[in-house]
Amino acid sequence: MRTKQGGEIVAEYKEIVVALIGVSGAMITYLLQKNKELNLRIAEQKRAAYAIFLKNFTEIAVAVVHDEDISGKDADLDRMFARDQLLLFGSDEVIKAYDAWVRYADIEGHDVNKETELVSLIFLGIRKDILGKTNVSPQNLDNLNPFNRG
């Protein structure tokens, strides 16, 4: 029976270490790719959720401006679904801005200009969430607010 020499043992360990490094590198690359794919899916879901919310918001705004009825089961379901999308995919900033707007809008005799500013903060939060940053101010969004311009 022949025993291995010190050099042979070191060579075997080197091969094992090289193999482990290769496998580790492949695993890290795989995990980074999966993380990137997950982040892209989340970004797509955010865009879709914000699109649903903004579509519903605009439809309601137009109905209110034209003194149309915005009540009923179907209208409530549409609003709730749009809000659910914010709950699931909206950033903290967007959810807080939405909450501030709803709480203020529920105050009887509230200032409509202040309400418009709060709605613009929702829009600004959505832009920041989707784009990462923005140079747009809430005042720049005034003319995009459906309550300001039909």
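One can find the structure itself at the top, above this paragraph.
Keep in mind it's a predicted model, so treat the numbers as computed, not measured. (Residues numbered from 1 in each chain as written. Predicted model: local features only at pLDDT ≥ 70, side-chain atom pairs only at ≥ 80, totals over all residues. Heavy atoms only, no water.)

A. Fine view of the overall build of the protein. Looking only at helices and strands, one finds four helices and zero strands in the protein. A compact globule built from 150 residues would reach a C-alpha radius of gyration of about 15 Å, whereas the protein, at 27 Å, exceeds it by more than 25%. With respect to the three principal axes, the spread of C-alpha positions in the protein is 95 × 35 × 25 Å. Of all 150 residues assigned to the protein, the portion counted as buried reaches 23%. In the protein, the share of contacts with a sequence separation of at least 24, taken over all contacts with a separation of at least 6, comes to 55%. (Helix = DSSP H or I, 4+ residues; strand = E, 2+ residues; numbered from the N terminus. Rg over C-alpha atoms; globule rule 2.2 N^0.38 Å. Buried < 20%, exposed > 50% of the residue type's maximum accessible area, 1.4 Å probe, protein only. Contact = heavy atoms within 4.5 Å.)

B. How the structure looks around the pattern of salt bridges. This model, assessed by the stated rule, comprises six salt bridges. Between Lys55 and Glu59 there is a salt bridge, with its nearest N and O atoms 2.5 Å apart. Taken together, the residues Lys55 and Glu59, both in helix H1 (residues 6-65) and four residues apart, mark about one turn of the helix. Classification of Lys55 by relative accessible area gives exposed; the value is 52%. (Salt bridge = Lys/Arg side-chain N within 4 Å of Asp/Glu carboxyl O.)

C. Representation of the packing of aromatic side chains in the model. Applying the stated criterion across every chain, the model contains five aromatic pairs. With a centroid separation of 6.0 Å and 35° between ring planes, the pair formed by Phe53 and Phe57 is classed as tilted. Of this pair, Phe53 and Phe57 both sit in helix H1, four residues apart, roughly one helical turn. Residue class for Phe53 comes out buried when judged on its relative accessible area of 4%. On the accessibility criterion, Phe57 (6% relative accessible area) is buried. Cluster of aromatic residues (ring-pair linked, three or more members): Phe53, Phe57, Tyr98, Trp101 and Phe123. (Phe/Tyr/Trp six-rings, centres within 6.5 Å; stacked < 30°, edge-to-face > 60°.)

D. Structural detail: the packing of helix H3 (residues 92-105) against helix H4 (residues 112-131). As a packed pair, H3 and H4 sit with axes 8 Å apart at the nearest point and diverge in direction by 165°. Viewed along their axes, H3 and H4 adopt a mutual orientation that is roughly antiparallel. As H3 packs across H4, the resulting crossing turns out to be left-handed. Residues Glu93, Val94, Ala97, Tyr98, Ala100, Trp101, Tyr104 and Ala105 of H3 lie in contact with H4, whose contacting residues are Lys114, Glu115, Leu118, Val119, Leu121, Ile122, Gly125, Ile126 and Lys128. Among the residues forming the contact of H3 with H4, the class breakdown is 12 nonpolar, one polar and four charged. (Axes fitted to C-alpha atoms, helices over the stretch in contact; angles between N-to-C directions. Parallel < 35°, antiparallel > 145°, perpendicular 65-115°, else oblique. Left-handed = near helix turned anticlockwise from the far one by under 90°. Nonpolar A, V, L, I, M, F, W, Y, C, P; charged D, E, K, R; others polar.)

E. Expanded view of the side chain of Gln85. With respect to the helices and strands, the residue Gln85 is situated in helix H2 (residues 73-89). Discounting residues that sit within four places of it in the chain, Gln85 has contacts with Ala49, Ile52 and Gly90.

F. Region of interest: H3. If you check H3, its first and last C-alpha atoms are 20 Å apart, about what 14 residues at 1.5 Å a residue would give, namely 20 Å. For H3, the set of buried residues is Val94, Ala97, Tyr98, Trp101 and Tyr104. Each buried residue of H3 lies within a common arc of 135° when the element is viewed along its axis, so the set occupies one face. What points out from H3, more than 90 degrees from its buried face, is the exposed set Asp92, Lys96 and Arg103. (Expected span 1.5 Å × (residues − 1). Arc of directions from axis to C-beta.)

G. The arrangement of the nonpolar core in detail. Among the nonpolar cores identified, the biggest contains 17 residues, and Phe53, Trp101 and Ile122 are the most heavily contacted of them. Breaking this core down by element, the ones donating at least two residues are H1, H2, H3 and H4. Examining the composition of this core, we find that six residues originate from one element, H4, more than from any other. If we skip the residues at most four places from it in the chain, Phe53 touches Ala82, Leu86, Tyr98, Ile122 and Ile126. (Core = buried A, V, L, I, M, F, W, Y, C linked by side-chain atoms within 4.5 Å.)

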